[in-house]
Amino acid sequence: MNYSTLVIATRNIGKLREFRSLLSSTGWRILGLSDISCQKEHEESGASFAENARLKALAYSADTDLPVLADDSGLEVAALGGGPGIHSARYAGPGASDSDRIRKLLSELDANGGPRDARFVCAIAIAQSGHLLMEAYGECRGLIAHEPRGSNGFGYDPVFFFPELQRTYAELSESEKNRYSHRARAVHALLEQL
C-alpha cells in the first residue's frame, strides 16, 4: 500500500491528534471525517472491537475514494466482567461526558470491591471503496486508579494507571503515550504489515 492521504473515521479531536502523531513518520496526509465533510454516522453494531472497526472502515470507505482507517477501542475491567468494553464511549448513557463515564466506572468498582486490573484495547481496520485491506490489534494492561489524576489525554486516561511508568495515561506526555498506548501498539502492528 502506498497512500498519500488517509482518512481517520473519527470526529474526536483527541483521537485524530493521536493518529496524526502516530502516523507522522509515514508522510501521509491524515484527515478526519470533518475534513472530508462527511456528516454520516455509522453505528457500531458489532460484537467485538475488531468487528466494529471493520464495519466502520467499510461503511465510511463507501463515502469517499480515499482509504479509511477506523478503530474501535475501549476499556475492559476484569472486576466488571470485561466492561465497559465495546460500550466504553456509551457507558454512562447518551450525551455523557468523559467525567460522567469515569464517575460511573469508579462508583461501580467501589461497590464491586473486586480487583482493579484493566486493559485498553484497540482494533484497527483499513478499507477502500468498500473493500477491507488490513486489520491490526493492540492492547495495554494496567489498573484502575481510585481517583482521576492528570490532565492530558481523553476518555478514561485519568484513571488508567500504567504500572510500567507508575502514572496514569493522563499524566503521560504525548510522546510517552504514543510509545506505550494500546492505539500506538495497534498502529505499530499495522505499520509492520506495510
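Criteria and cut-off values
Residues numbered from 1 in each chain as written. Predicted model: local features only at pLDDT ≥ 70, side-chain atom pairs only at ≥ 80, totals over all residues. Heavy atoms only, no water. Helix = DSSP H or I, 4+ residues; strand = E, 2+ residues; numbered from the N terminus. Buried < 20%, exposed > 50% of the residue type's maximum accessible area, 1.4 Å probe, protein only. Contact = heavy atoms within 4.5 Å. Polar contact = N/O pair within 3.5 Å; in protein donor to acceptor, adjacent residues only side chain to side chain.

Draft legend 1. Layout of unusual backbone geometry. Backbone torsion omega between G83 and P84 reads -5°, so that peptide bond is classified as cis. Within the element layout of this structure, P84 appears in strand 4 (residues 83–84). Unlike most non-glycine residues, S37 shows phi in positive territory, near 55°. Judged by relative accessible area, S37 falls into the exposed class, the value being 56%. A positive phi angle is found at Q166, which is not glycine, with a value near 55°. By the secondary structure assignment, Q166 is in the loop between strand 7 (160–162) and strand 8 (167–168).

Draft legend 2. Highlighting the environment of N52. Following the sequence through the fold, N52 ends up in helix 2 (residues 49–61). Here the alpha-carbon distance between N52 and E135, two residues 83 residues apart in the chain, equals 12 Å. Ignoring sequence-local partners within four residues, the contact set of N52 consists of E44, S45, G46, D72 and I86. At 2.6 Å, the side chain of N52 and the backbone nitrogen of G46 are in polar contact.

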